[in-house]
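Structural description and commentary
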Amino acid sequence: ASSLEATLENVRRLAEGGPDFQLEKNYRRKDGTILQVQSNVAGLRDAAGGYQGLLAVVLDLTERQQHEEASRERQHFLDRITAVTPDVLYVLDITDYHFKWVSQQAANRMGYSAEEILAMGADFLPRVMHPDDLARMPAHFAELAQAADGQTLEIDYRLRHPDGSWRWFGGRKTPFTRDGDGRVLEIMGTSADITDRKRAEEAVARLAAIVESSHDALFGEDLDGIITSWNPGAERIFGYRAEEIVGTSIMRLIPADRQVAEHDLQRQIAAGELGGTFESIRLTKDGREFPASITIAPLKDAAGTVIGTSRVLRDITERARAEEALRQNASLFSTLIAQAPMGTYVVDAQFRLREINAEAMPAFASVQPLIGRDFQEVLEILWGPEVGGQIAGIFRRTLATGERYISPPFTEYRHDLGLEQSYEWQTQRVTLPDGQHGVVCYFHEVTERARATAALRASEERMRLAAEATGVGIWQWNVMTNEIRWDAPMFRMYGIEPTPHGVVHYQDWSGAVLPEDLAENEAILQDTVRRGGQSTREFRIKRRSDGECRWIQAVETVLANREGKAEWVLGSNLDVTERVTTAEALRIADRRKDDFLATLAHELRNPLAPLRNGLHILRLTKDSDSADRTQAMMERQLGQMVRLIDDLLEVSRISSGKVVLRPERMELQSAVHSAIEAARPQMDAARHVLQLEIASEPVWLQADATRISQVVSNLLTNAAKYSPVGSRICVGVHREGNEAVLTVADNGEGIPQNMLAEVFEMFTQIDRTLDRAQGGLGIGLSLVRRLVELHGGTVTAESAGLGAGSTFTVRLPTLADAEPGDRNLAPPDEVMAAAKLRVLVVDDNVDAAASLAE
C-alpha cells in the first residue's frame, strides 16, 4: 500500500505539470511469484500543454538481480579460496587484458596492492611486465581462448618490482566465464614468486656450463676413493671416458710410488681434514706421468656431513717447463754477467740494481747494501745529486726507448771517494729472464789513462760538450747481421719518425742522401769497413719531414771481433749546415770585399785624374773658354767623387743604426716627381724615354719624404745607368689594398736568375769588370732595400734574364685616403734686404776651411 501511494503521488504531480519520473517496484505475477521491475514514466500532453495521460516503459530486473546475486556468491567463493591460497589469485578480462579482481596477497608477492593493480586496468601488463615476456602474451591468451573448461595452461614471466628489480613468477591460468556463444571472456589465474628457483636453476646451469667447458679436470669421489663424476676436461687430460672411469678407484690416476701418499690423503678426507691446493704427479690412461696442480674441496649432504670431495686438477706441464727454462735462463744470464771481461751490472724494470759481476764490484765498494737498491740512490751516492741524476736519466731513457747509449769520455768527481775518476761506459736495453726489460751497463775504469793524457782529456771533454750542444747523432751498424740502429738525434736530424728500439733500414739513410753525393759516400763506407779504420766526410741530405737540404759531417769507426773481422761500425752525424752556410757567406763576402776595394780604387782614381789634369790646364792656359770648360769638367768629376763618398757614408750610417727618419704625412707622387726632376739630366744625357703611369688619386704615406725620394732616385739612376742609349724607362705608382706600389721598369741589360736575390746585397754588381763606363760601387740597391725596410716595406727585383730588362717593385704601407692637414706652404719669394753678416767656418781640414771661406 505504501508503494502504491507513492506511485499515485508521482502521477498527480505529473498531471499538474511536474517532471517525468523513474521508479523500481515489486509486483506480484498472476502465478503468485514476485516480479521486480523498473518503470520509466512520462506525461502525454496536447498541443496546448494540457495533461492527457501517461506512458510507462516497464523493464524486468529479475535477471539482473539474479546475476548480481551470482556475482556475490562468486565473490564469496573467491574470498574463501584466497584466504587459504598463498599465491596471488586474479580474474582477468582477456577482451582488453584488464584485471577484474585480484587477491590481497598481490601486495606481498608482487609489491603492488590489489587496488593499485585494478586502478592501472589494461595498463598494468605493459607497464610492469618484461618486454620479452610481454611479446609472448598475445599467443598465450589466444591459446587460453581456445582452452576447454578445466584445462590449465602454465607460463613463466618477469614483473618489475616497485624497487626496480625484476622478479620471476610462475603462472597457471584456466577459463573462468564465457559468453552466450561459448567464447572465453574471463580467465582465473594464480601467480607464484619463483625468483629464487630461477636463480638456482641459472646457477646450476652456469656451473654445469663451467664444468662442461672447463679445460681443467673436474671430478668427484666418495669417501672410499671411488670416482663419482667426470667432466670433458678430465677426459682430455687423462684420456679416460666417463663411462670408463666413473665407479672405479682414484688410484688408477696415481703412480705407484705416490699411492701411499694418496692413502694418507684418503684418511684425512675421512677424518674431515680437507681443503687446500697442492702439486703432485698424476698418471694418464696411456701411462704418461705429468705434473698437476690439484685443489680439493669437501662435498657435504643436507645435514652438513662430509660425503666425499670435489677435485679441480690442472696439467701444469707447460708451466713447469717454462719455470725450468726460466731458471736455466736466469742461471745463464747470471753466468754471462759474472764472466763478462769488463765491469758489468744490470738495472731491472723497477730501476733497482739486480746483477753485478766481480769486475764491477770495486767501483761500488762504498755502497752497502747494493743488490736490490734503488739505482738512482746508488748513483747519487757515487756522483752526487746532479751528475747522478743525469746518469739516471740516461738509464731511464734506454729502459723506456731501447735507445743504446755510448758515453763519450767521462770524468767526474766521486762524492764517496773525494776524487775524480774516468770511465768508458755504455748502456743497452735487454730482456731479463723474468720477461721484463732491464738495462745492462758495460764499463771500464780509465782513470790512470785519463790522468796521463790530461790535455787530451780536456780537449775531448770540450768536444763532448760541443757534440751535446750541437745535437750529434749516434748510429750503429752490425756488418754481419746488417742491423742498423739510430739514436733520437739521428731521427730528428733526418726528419724521420723514431722507430721502436731505434732500428732503421739502410734505405732510410741512402734515400735521404742527395743522389750526387750518394755514390762517393757508399764508396768511402765500404773502404772504411774493408780497412777496419776510420773515415770522416761531409755530404748533403734532404730531410723527410720538411724536404730541407742539410749538410752533414760524418765520422765512422770500425770495431773488429776477436777474429779480427769487422763486426760493428759506430758512427756519428753532425748537422753542419750553419757552418757550411756561414763559410760560404764569408767566402762570398770576402770576394765582394775584394771586388769592392778594386772597384773603389778604380772609381776614386777616375775623377782624380781629370781633376789633376784640370789643375795643370788652369795653370797653363789664359783662355777663359778653356778655363770654363775645365772648371765644369772638374765640378762634374768632383760631384761624382762626392756622390761615391756620400753613398759610403750613407751605408755606414744605416749599418750602424744612426739614420733617423723624420716621418710625416706625404704624398708618394710628390716624392716620385722630385726624384724624376733630380734624375732628369742623366736621363736626358742618355736620351732615355721616361714613361709615367702614376695614379691620379693621391697615395698617402707616413714616411720621410727625403728618404723616399732617395729610394726613387737610386732606382731611376740604376735603370738609366744599365740601359742602352735611348731606352724606355717606365715609372708606375698605384695602390693595392693597404699598400702603395712603386715600380721602375727598364728594357736594359737585365739580371740573371741566380742574381735576383743578390742584387740588393752590399757591393753586388752584375758586371764586375773594371772597364765599364757606368761607374758606381754596387751599393745603390742595398741603400734602397735598407731604406724601404726602415719604412716597414719591401722591395723585389724581377727579370727574364740578361738583355731582357728588369723591374723593381717597392711596397710601402699607406695611410687612409683623406686630405692631408694644413701644409706649410713656402712664402712667396721676397727680396731680402742685403746685410753684412759674420760667418764662422769650422773644419778639421785646413784647406777645406780656407777654400770655403774664400
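Residues numbered from 1 in each chain as written. Predicted model: local features only at pLDDT ≥ 70, side-chain atom pairs only at ≥ 80, totals over all residues. Heavy atoms only, no water.

Here we look at the overall build of the protein chain
- Across its full length, the protein chain carries 24 helices and 32 strands.
- In the protein chain, which comprises 854 residues, the share counted as buried stands at 38%.
- Across the protein chain, every contact between residues at least 6 apart in sequence was considered, and the portion connecting residues at least 24 apart equals 50%.
- Within the structure as shown, the protein chain displays about 49,300 Å² of accessible surface, and the carbon and sulfur contribution to it stands at 53%. (Helix = DSSP H or I, 4+ residues; strand = E, 2+ residues; numbered from the N terminus. Buried < 20%, exposed > 50% of the residue type's maximum accessible area, 1.4 Å probe, protein only. Contact = heavy atoms within 4.5 Å. Areas by Shrake-Rupley, 256 points an atom, 1.4 Å probe, with all protein chains shown as cover.)

Comments concerning the sheet that holds strand β13 (residues 306–315)
- Pairing within the open sheet is antiparallel, and its five strands lie in the order β10-β9-β13-β12-β11. With partners counted over all chains shown, the strands left at the sheet margins are β10 (227–230) and β11 (276–283), one partner each. Within the sheet, the average angular offset between the axes of one strand and its neighbour, ignoring direction, is 30°.
- Taken together, the three bridges between strand β9 (residues 217–222) and β10 define a ladder with antiparallel strand orientation. Pairing of F219 across the sheet is with W230, part of β10. (Pairing = 2+ DSSP bridges. Axes fitted to C-alpha atoms, helices over the stretch in contact; angles between N-to-C directions.)

Let's talk about unusual backbone geometry
- Cis geometry is adopted by the peptide bond preceding P369, which originates at Q368 and carries an omega value of -10°.
- Take P369: it is sitting in the loop between β15 (353–356) and α13 (375–401).
- In this structure, Y97 is a non-glycine residue whose phi angle is positive, near 60°.
- Position of Y97 relative to the elements: it lies in the loop between β4 (88–93) and β5 (98–102).
- In this structure, N482 takes a positive phi of about 65° despite not being glycine.
- Tracing the backbone shows N482 in the loop between β20 (473–478) and β21 (483–486).

Regarding a nonpolar patch on the surface
- On the surface, L44, L55, V57 and L59 cluster together into a nonpolar patch covering about 340 Å² of accessible area.
- When residues in the nonpolar patch are grouped by element, the largest group, three residues, is from strand β3 (residues 51–60).
- If you trace the backbone, V57 turns up in strand β3. (Patch = residues over 30% accessible without salt bridge, like charges linked within 9 Å, V, L, I, M, F, W, Y side chains within 5 Å. Salt bridge = Lys/Arg side-chain N within 4 Å of Asp/Glu carboxyl O.)

Considerations on helix α23 (residues 780–790)
- Every buried residue belonging to α23 is among L781, S782, L783, V784, L787 and V788, and all of these are buried.
- Looking one or two residues past α23, G792 carries a phi angle of roughly 80°, positive in sign.

Observations regarding the packing of aromatic side chains
- This structure, assessed with the given rule, holds 26 aromatic pairs.
- With 6.0 Å between their ring centres and 90° between their planes, F410 and W425 make a pair best called edge-to-face. Of this pair, F410 sits in strand β17 (residues 410–414) while W425 sits in strand β18 (residues 419–431); the two residues are 15 residues apart in sequence, bridging distant segments of the chain.
- With a relative accessible area of 12%, F410 lands in the buried category.
- Arranged with centres 5.8 Å apart and planes meeting at 55°, the rings of Y506 and W509 form a pair that is tilted. Of the two residues, Y506 and W509 are both situated in helix α17 (residues 506–510); the distance of three residues between them amounts to about one turn of the helix.
- These aromatic residues form a ring-pair network of at least three members: Y345, F351, F364, F375, W383, F395, Y405, F410, Y423, W425 and F443.
- One cation-aromatic arrangement involves K198 over W168; the distance from NZ or CZ to the ring centre is 4.4 Å. (Phe/Tyr/Trp six-rings, centres within 6.5 Å; stacked < 30°, edge-to-face > 60°. Lys NZ or Arg CZ within 6 Å of the ring centre and 35° of its normal.)

Remarks on the side chain of N10
- With respect to the secondary-structure elements, N10 resides in helix α1 (residues 2–15).
- With a relative accessible area of 19%, N10 lands in the buried category.
- With sequence-adjacent residues up to four places away left out, N10 is seen in contact with F21 and L23.

Observations concerning the sheet that holds strand β1 (residues 21–28)
- Spatially, β1-β2-β3 is the arrangement adopted by the three strands of the open sheet, whose pairing is antiparallel. The sheet terminates laterally at β1 and β3, the two strands that pair on one side only. The sheet shows a mean angle of 35° between the axes of neighbouring strands, taken without regard to direction.
- Pairing between strand β2 (residues 34–45) and β3: nine bridges, direction antiparallel. Pairing of R45 across the sheet is with Y51, part of β3.

Section: the confidence of the model for the protein chain
- Overall, the prediction assigns the protein chain a mean pLDDT of 83, with 84% of residues at 70 or greater.
- A low-confidence stretch, residues 821–831 stays under pLDDT 50, and its non-local contacts, those more than four residues away or across chains, total one contact. (pLDDT = per-residue confidence, 0-100.)

A look at the packing of helix α22 (residues 705–721) against α23
- One can describe the packing of α22 onto α23 by two numbers: an axis separation of 9 Å at closest approach and a directional angle of 150°. Accordingly, the angle class assigned to the pair α22 and α23 is roughly antiparallel. At the point where α22 passes α23, the crossing takes the left-handed sense. Residues R707, Q710, V711, N714, L715 and N718 of α22 lie in contact with α23, whose contacting residues are G780, L781, L783, V784, L787 and V788.
- Of the residues assigned to the contact of α22 with α23, the class counts are seven nonpolar, four polar and one charged. (Parallel < 35°, antiparallel > 145°, perpendicular 65-115°, else oblique. Left-handed = near helix turned anticlockwise from the far one by under 90°. Nonpolar A, V, L, I, M, F, W, Y, C, P; charged D, E, K, R; others polar.)

Observations concerning the pattern of salt bridges
- Inspection of every chain in the model, using the stated rule, returns 40 salt bridges.
- Notably, a salt bridge pairs R314 with D216, separated by 2.7 Å at the nearest N-O pair. Taken together, the positions of R314 in strand β13 and D216 in the loop between α8 (195–213) and β9 put the pair 98 residues apart, joining distant regions of the chain.
- With its nearest N and O atoms 3.0 Å apart, the salt bridge here joins D517 to R540.

Describing the packing of helix α21 (residues 668–685) against α22
- Contact geometry for α21 and α22: axes closest at 8 Å, N-to-C directions at 40°. Between α21 and α22, the angle is such that the two are oblique. Classified by chirality, the crossing of α22 by α21 is right-handed. Taken together, the residues of α22 that come into contact with α21 (itself represented by L668, A671, V672, S674, A675, I676, A679, Q682 and M683) are A705, I708, S709, V712, S713, L716, T717, A720 and K721.

Things to note about the environment of W551
- Within the secondary structure, W551 sits in strand β24 (residues 549–560).
- Residues W551 and T577, spaced 26 residues apart in sequence, show a C-alpha to C-alpha distance of 4.6 Å.
- The contact partners of W551, leaving out residues within four places of it in the chain, are E538, F539, R540, L574, D575, V576, T577 and V580.

Quick notes on the pairing of strand β14 (residues 343–347)
- Along β14, five of the five residues are buried, which leaves the element largely enclosed by surrounding structure.
- Burial of the side chains of β14 extends over both faces: G343, Y345 and V347 are buried on one face and T344 and V346 on the other.
- Bridging between β14 and strand β19 (residues 437–445) involves five bridges; their strand directions are antiparallel. Following the sheet pairing, Y345 is matched in β19 by C441.
- Relative to β15, β14 is paired through three bridges, and the arrangement is antiparallel. Bridge pairing in β15 places V347 opposite L353.
- In textbook terms, the turn of a hairpin is the stretch between consecutive antiparallel strands, and for β14 and β15 this stretch comprises five residues, one of which, F351, has a positive phi near 60°.

Side note on the side chain of S806
- Within the secondary structure, S806 is located in strand β32 (residues 806–813).
- Exposure remark for S806: the relative accessible area of 6% places this residue in the buried category.
- In contact with S806, other than residues within four places in its own chain, are V744, A745, D746, I751, E798 and S799.

Some remarks on the environment of Y345
- Following the sequence through the fold, Y345 ends up in strand β14.
- Considered as a pair, Y345 and I356 are 11 residues apart in the sequence and their alpha carbons are 4.1 Å apart.

Focus on the environment of I552
- Positionally, I552 belongs in strand β24.
- A residue is classified by how much of its surface remains accessible, and I552, at 0% relative accessible area, is buried.
- Setting aside its immediate chain neighbours within four residues, I552 contacts M493, Y494, R537, E538, F539, I541, N573, L574, D575 and V576.

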